[in-house]
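Results of the structural survey
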Amino acid sequence: MLVISLIVAAEGLALLSAAAWYAVQLLSGAPVASLWGAIFTLALLLAAASWLLAVGHFLFRGYRWTRSAALVAQLFVLTIGVPTITGGYAVAGLAMVIPAVASIVLLFDKRVIAFASRAGGSPPAL
């Protein structure tokens, strides 16, 4: 569970740093086709980063809903990582694909399922 949580949180931090870089580029006067489109893209980056950080946090705490959220996030990473590899950026693509595949495999481990499905005397799992 710790490994998956760290991977998801690291992806959230990567998106947060991409959003910061994007914001710096916007504020420095980089040319954009549409200012409002660029602001919307920045808002999407910030929202996705916040969501991944929340999923990583609550996954570590054992909340039930986070397994599906983490799985969907990893599938999105795969849809970006595989074309990145085939597009000639193998290192960047592998940096996305390897953690995503590891997370997907670990999400279906019976220990992770048991941890995220606790009931009874343990803390509540939502």
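Everything below is about the structure printed above this text.
Figured I'd write up the structure that's included with this text. Position numbers for residues count from 1 along each chain, tracking the sequence in the order it is written. Two thresholds apply to this predicted model, a pLDDT of at least 70 for residue-level local features and 80 or more for giving and counting side-chain atom pairs, whereas whole-chain, interface and lining totals are computed over all residues. Side-chain metrics in this entry use all non-hydrogen atoms of the structure; hydrogen atoms and water are not considered.

This next bit is on the overall build of the protein. Segments assigned H or I by DSSP are reported as helices when at least four residues long, segments assigned E as strands when at least two residues long, and all are numbered from the N terminus. Scanning the protein from N- to C-terminus turns up five helices and zero strands. Along the protein, from the amino end to the carboxyl end, the secondary structure elements read α-α-α-α-α. If one aligns the C-alpha atoms of the protein with their principal axes, the spans along those axes are about 55 × 30 × 15 Å. When a residue's accessible area, from a 1.4 Å probe over protein chains only, is under 20% of the maximum for its type it is buried; when over 50% it is exposed; and in between it is partly exposed. A buried classification covers 27% of the 126 residues belonging to the protein. Computed with the Shrake-Rupley method and a 1.4 Å probe, the accessible areas treat only the protein chains shown as cover for residues. Surface exposure of the protein reaches about 7,700 Å², of which carbon and sulfur atoms provide 78%.

It is worth spelling out the layout of surface pockets at this point. Leftover empty space is mapped by rolling, across the atoms, a probe with the size of a water molecule. The method works on a 1 Å grid over the protein atoms by themselves. A cavity is a set of points holding a 1.4 Å probe that cannot get out, a pocket is an open set with protein on both sides within 12 Å along at least five of seven lines, and residues with an atom within 4 Å of a point line them. Grid points are joined across faces, edges and corners, and a volume is the space filled by probe spheres set on the points. When its volume is computed, the largest pocket comes out at roughly 390 Å³. For the largest pocket, the lining is made up of 15 residues, of which Glu11, Leu15, Leu52, Val77 and Ile80 are closest to its centre. Where the lining of the largest pocket is concerned, the elements lending two or more residues are helix H1 (2-27), helix H2 (35-61), helix H3 (66-86) and helix H4 (90-107). Residues that form the lining of the largest pocket fall into these classes: 14 nonpolar, no polar and one charged. Throughout, the ten residues Ala, Val, Leu, Ile, Met, Phe, Trp, Tyr, Cys and Pro are labelled nonpolar, Asp, Glu, Lys and Arg are labelled charged, and all others, Gly among them, are labelled polar.

On to H3. Residue pairs three or four apart in sequence face the same way in an α-helix, which turns once every 3.6 residues. Between the first and last C-alpha of H3 there are 30 Å, a value that for 21 residues agrees with the 30 Å anticipated at 1.5 Å per step. By the burial criterion, the buried members of H3 are Thr66, Ala69, Ala70, Ala73, Gln74, Val77, Leu78, Gly81 and Thr84. Downstream of H3 by a residue or two, Gly88 has a phi angle that is positive, lying close to 105 degrees. Multiplying 1.5 Å by the residue count of a helix minus one yields the expected span of that helix.

Take the environment of Val91 next. Along the chain, Val91 falls in helix H4. The spacing of Val91 and Leu42 is 49 residues in sequence and 25 Å in space, taken between C-alpha atoms.

This part covers the pattern of salt bridges. One side-chain nitrogen of Lys or Arg within 4 Å of one carboxyl oxygen of Asp or Glu is enough to make a salt bridge. Under the definition given, this model contains one salt bridge. The salt bridge partner of Arg111 is Asp109, with a shortest N-O separation of 2.9 Å. Note on Arg111: relative accessible area 63%, which makes it exposed.

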